[in-house]
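Structural description and commentary
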Amino acid sequence: MIQRMTHASVYVIDQARAEDFYVNKLGLELKMKVPLGEDAYWLTLSPREQPELELTLMPIHNPNMFDPETAASLAKLVEAGTFGFGVFATQDVFATYQELKAKGVEFTKEPKEEFYGIEAMFKDDSGNWFSLTQFKAED
Amino acid sequence: MHPKMYMYKRLVDAKLFMDQHYATPIDLECIADTAYYSKYHFLRLFKKAFGKAPAQYLRDVRLQQAKQQLATTQQSVTEVCFAVGFDSVPSFTLLFKKQYGQSPKAYQRAQQEQQAQVAKQPFQFVPNCFAETYGWKERNSQ
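As the structure is a prediction and not an experimental result, all values here were calculated from the model.

Another point: the pairing of strand β3 (residues 41–46) of chain A. On any regular strand, side chains alternate: one points to one face of the sheet, the next to the other face. Residue and element names in this part refer to chain A. Taking burial as the measure, the six residues of β3 include five buried ones, the bulk of the element. In sequence, strand β2 (residues 29–35) turns back onto β3 through a hairpin of five residues, with Gly-37 there showing a positive phi of about 85 degrees. Looking at chain direction, β3 and strand β4 (residues 54–59) are connected through two bridges and run antiparallel. Looking at the pairing, Thr-44 lines up with Thr-56 of β4.

Before going further, it helps to examine the packing of helix α1 (residues 5–21) of chain B against helix α3 (residues 39–50) of chain B. Axis angle and axis distance: for two packed helices, these are the angle between their axes and the distance between the axes, and together they describe the pair. Residue and element names in this part refer to chain B. For the pair α1 and α3, the least separation of the axes is 10 Å and the interaxial angle reads 85 degrees. The orientation of α1 relative to α3 falls into the category roughly perpendicular. Facing α1, whose interface residues are Met-7, Tyr-8, Leu-11, Val-12, Ala-14, Lys-15 and Met-18, α3 presents Phe-42, Leu-45, Phe-46, Ala-49 and Phe-50. By residue class, the composition of the contact of α1 with α3 is 11 nonpolar, no polar and one charged.

In this complex, chain B contributes 27 residues to the contact, which on the side of chain A involves 26 residues. Looking at the side of chain B facing chain A, the largest losses of area belong to Met-5, Tyr-134 and Trp-136 of chain B, adding up to 24% of the total buried there. Between chain B and chain A we count two salt bridges in total. A salt bridge links Lys-15 of chain B to Glu-99 of chain A; the shortest N-O distance between them is 2.6 Å. Our count for the chain B to chain A interface comes out at six residue pairs in polar contact (both at pLDDT 80 or more). The set of elements that each furnish at least two residues to the side of chain B that touches chain A consists of α1, α3, α4 (54–72), α7 (104–120) and α9 (136–141) of chain B. No other element matches α1 of chain B, which puts seven residues into the side of chain B that touches chain A. For the side of chain B that touches chain A, the residue count by class is 15 nonpolar, five polar and seven charged.

Glancing now at the packing of α4 of chain B against helix α6 (residues 89–100) of chain B. Residues and elements named next belong to chain B. Where α4 meets α6, the axes come as close as 11 Å, and the angle between the chain directions of the two elements is 90 degrees. With respect to α6, the element α4 is oriented roughly perpendicular. Judged by residue contacts, Arg-59, Asp-60, Leu-63, Gln-64, Ala-66, Lys-67 and Leu-70 of α4 engage Phe-92, Leu-95, Phe-96, Gln-99 and Tyr-100 from α6. Split by residue class, the contact of α4 with α6 holds seven nonpolar, two polar and three charged.

Moving on, we get to the sheet that holds strand β5 (residues 84–89) of chain A. Paired through backbone hydrogen bonds, the strands of a sheet run either parallel or antiparallel to each other. Residue and element names in this part refer to chain A. As summarised here, the arrangement of the four strands in space is β5-β8-β7-β6, forming an open sheet in which the pairing is mixed. What marks the edges here is a single partner per strand, and that holds for β5 and β6 (106–114). Between one strand axis and the next, the sheet turns by 20 degrees as a mean value, whatever way the strands run. As paired strands, strand β7 (residues 117–123) and strand β8 (residues 129–135) are joined by seven bridges and run antiparallel to one another. Counterpart to Gly-117 in the pairing with β8 is Phe-135.

Calculation notes
- Residues numbered from 1 in each chain as written.
- Chains lettered and ligands numbered in written order.
- Predicted model: local features only at pLDDT ≥ 70, side-chain atom pairs only at ≥ 80, totals over all residues.
- Heavy atoms only, no water.
- Buried < 20%, exposed > 50% of the residue type's maximum accessible area, 1.4 Å probe, protein only.
- Helix = DSSP H or I, 4+ residues; strand = E, 2+ residues; numbered from the N terminus.
- Pairing = 2+ DSSP bridges.
- Axes fitted to C-alpha atoms, helices over the stretch in contact; angles between N-to-C directions.
- Parallel < 35°, antiparallel > 145°, perpendicular 65-115°, else oblique.
- Contact = heavy atoms within 4.5 Å.
- Nonpolar A, V, L, I, M, F, W, Y, C, P; charged D, E, K, R; others polar.
- Buried area = accessible area lost by both parts, 1.4 Å probe.
- Salt bridge = Lys/Arg side-chain N within 4 Å of Asp/Glu carboxyl O.
- Polar contact = N/O pair within 3.5 Å; in protein donor to acceptor, adjacent residues only side chain to side chain.

Here it is in structure tokens:
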């Protein structure tokens, strides 16, 4: 029986820039930064209220990861906004939307009522999209 | 635009003000004034939007900054305490311990030990599934 998830990966164009985005704009906490050579790191972050889940920012442009041709194709897809990596939950989507916008985060969907709550969508600095959702309170 | 967006913008401005000026003495009444709210109204709206009262939020920002500085600089606990806006080392120590389960000094020591270990044996901190699949271990051992 699978009980929980501890790590999930997001492919990013530039790890240093992504670290700045996820820490200083989204407000995640840096958990591990382990040098792996070739200017690459094992880089993980957690939402402040969910330290048991580590989001791993994986560098695309690193010979340890992909050959140059594969990296170029993957980077193109990421930058085009092909991949969505998950849903961030917030208790007040309007407040978080305003805050992230004030910090320069690009939204692709303004907060909108959906059957599961109120949802906005944004892109990270590489082009990956995420949902930002205020879920309906359970009865 | 959602009719409440102007209200949220003022609350977010107040929050960002605290994010930027946590190191200085911050008068929360002054922040409420900047947001054009009475202190009571501001407190209620802020808590509803961010889940914490402004004073609690400010305290948590200072603690997070302290945690980061203890982990990444050589500053003493006293220096960090004042650098992030607390004005008493004993109360800072108590708050830090309550929040993170260990004293600032113990946390700093643990971080320094971990960093030394990371430099010495990095692959003790990377799950093998990643290290082996991507060939990091192999390349780093060459």
